[in-house]
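Topology and contacts: notes
Spelled out from the first residue to the last, the chains are:
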Amino acid sequence: MAMRTAAPLSRVLLVSKTPNVERISRTRPDLIERLTCERASTAVRQRLESLRASEATHTNNVKNMKLFLESRGIPFQEVKDLEVETTQIESVDLVVSLGGDGTFLKAASLIRDQTPLLGINTDSQRSAGALCRWKLNTQQDFPDLLHKLLTGDFSYKTRHRIRADVINEKEERITVDHYALNEIYLGEVEPSRASSFTLSVDGQPKERERGGGLLVSTASGYSGWMKSACHPSLDSIREVLELAETAQDTTALMTQAEAVARRFYEKYNFATHEDKLFYFAREQIKAVDQMQRYSKGFCDALVFESFCWDGFLSMDGMRHYPLNFGDRVYISVATDFPVRTIELSQPER
């Protein structure tokens, strides 16, 4: 039986989420004024109360995490996600994100080596945190987590990222200094304007596309935006089955719809270590009888040529790059820059 190895805990960097209220106060003080004014609606006041409750829970869990690490003599440094830099990550053995998936993605975006990343959800009641492998709900969660890290009761997972290289009409390379862990989106800045582009998949002939833009995801990001965008909903499946008259009653219809939805997900689901991508040309505008070569599917590489008037490339929703008319974007798996994450199971309480 292989010996378990403890996680590296000699130099730990805590990347903590900047709470939403604090973030808004920094960037949109006018919005905070509107949220707190006497004329604010009940719904707005309730939303603000929810944000403040989330901030209190997060802040308390971060405080308790730091106190626990100090009590165990584990050296650490804390930095907010809005202020963290690559140089701070390069000098540590372990990066721990404290927040939700957004904080995890920000921390991951700055990792350029094999430094492991552990995601901890600091407010699991209000945040799904699909990438965060540990939730802080009770005081017992702190010693349980440390025990697993010290005894090697965890595994490392390789998560591939997306590389995008942009070449303009002058054949000049435009620097894209970001690798997307979840997904990238290419299209018009204005969502109500159709995105025009050509698309080539794995070296095949390019095809002209017009619609809602192009979404490309890794396996890590597939269960999020991509799944919501390209998977038929249960209601849609049920309606098709109902029109096809495949079931005799409502219960049987829902059973069939759930089975179809499950098979659809299984057909396109793939593992994070697989060095391939999934693409989806959104809301394609085409004639009823027109077949598109490229709608959705797995691929190794894509070439997107923009004919958008005001196009952009979004990387994980946090970095944006303008795309001019005629720019070409070469999309592939950044096999030389994977993220190594810590995966562990949490006991149920």
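The notes below deal with the structure included here. Each residue is numbered by its place in its chain's sequence as written, counting from 1. Two thresholds apply to this predicted model, a pLDDT of at least 70 for residue-level local features and 80 or more for giving and counting side-chain atom pairs, whereas whole-chain, interface and lining totals are computed over all residues. The side-chain figures draw on all heavy atoms in the structure; neither hydrogens nor water molecules are used.

**Description of the sheet that holds strand E12 (residues 214-217)**
Being paired, for any two strands, means DSSP has found at least two bridges between them. In DSSP terms, a helix is any run of H or I states spanning at least four residues, a strand is any run of E spanning at least two, and both are numbered starting from the N terminus. Read from one edge to the other, the open sheet built from six strands follows the order E14-E13-E12-E9-E16-E17, with strand pairing classed as antiparallel. The two strands at the open ends of the sheet, each matched to only one other strand, are strand E14 (296-299) and strand E17 (319-323). In this sheet, adjacent strand axes meet at a mean angle of 15° when their direction is disregarded. Bridge analysis of strand E16 (residues 311-315) against E17 gives five bridges, and the strand direction is antiparallel. Paired with Gly-311 across the bridge in E17 is Leu-323. Running at roughly 150° to E12, helix H7 (residues 219-230) makes contact with strand E9 (183-188), E12, strand E13 (277-281) and E14 of the sheet. Interaxial angles span 0 to 180 degrees and are taken between N-to-C directions of axes, which are lines fitted to C-alpha atoms, for helices over the stretch in contact. Contacts were defined at the residue level, with two residues in contact if any of their heavy atoms lie within 4.5 Å.

**As for the sheet that holds strand E11 (residues 207-211)**
A sheet is described by the order of its strands in space; here six strands give the open sequence E8-E7-E18-E15-E10-E11, paired in antiparallel fashion. For this open sheet the edge positions go to strand E8 (173-174) and E11, each flanked by a neighbour on one side alone.

**Brief notes about unusual backbone geometry**
Phi at Glu-171 takes a positive value of approximately 65°, unusual for a residue other than glycine. Mapped onto the secondary structure, Glu-171 falls in the loop between strand E7 (162-167) and E8. Of note in this structure, Asp-316 is not a glycine but carries a positive phi near 55°. For Asp-316, the location among the structural elements is in the loop between E16 and E17.

**A look at the environment of Glu-183**
Inspection of the secondary structure puts Glu-183 in strand E9. Here Glu-183 falls in the buried class, since its relative accessible area comes to 10%. For the pair Glu-183 and Pro-232, spaced 49 residues apart in sequence, the C-alpha separation works out to 19 Å. In this structure, Glu-183 is in contact with Ile-162, Leu-215, Val-216, Ser-217, Gly-221, Trp-225, Ser-314, Met-315 and Asp-316, ignoring residues within four places of it in sequence. With a 1.4 Å probe rolled over the protein chains alone, any residue whose accessible area is under 20% of its type maximum counts as buried; one over 50% counts as exposed, and the rest are partly exposed.

**So, the packing of aromatic side chains**
Under the pairing criterion, centres of Phe, Tyr and Trp rings, with the six-membered ring standing for Trp, must be within 6.5 Å; the plane angle then separates stacked pairs below 30 degrees from edge-to-face pairs above 60, leaving the rest tilted. Enumeration according to the criterion identifies 16 aromatic pairs in this entry. Ring plane angle 45° and centroid distance 6.2 Å describe the contact between Tyr-268 and Phe-298, whose orientation is recorded as tilted. Taken together, the residues span a long stretch of sequence, with Tyr-268 in helix H9 (residues 250-268) and Phe-298 in strand E14 at a distance of 30 residues. Given the relative accessible area of 11%, Tyr-268 is considered buried. Accessibility expressed as a relative area gives 29% for Phe-298, which makes it partly exposed. By way of ring pairs, the aromatic residues Tyr-222, Phe-264, Tyr-265, Tyr-268, Phe-270, Phe-278 and Phe-298 are connected into one cluster. Criterion for a charge above a ring: Arg CZ or Lys NZ at most 6 Å from the ring centre, at most 35 degrees from the ring normal. Lying across the ring of Tyr-265, Lys-227 places its NZ or CZ 4.6 Å from the centre.

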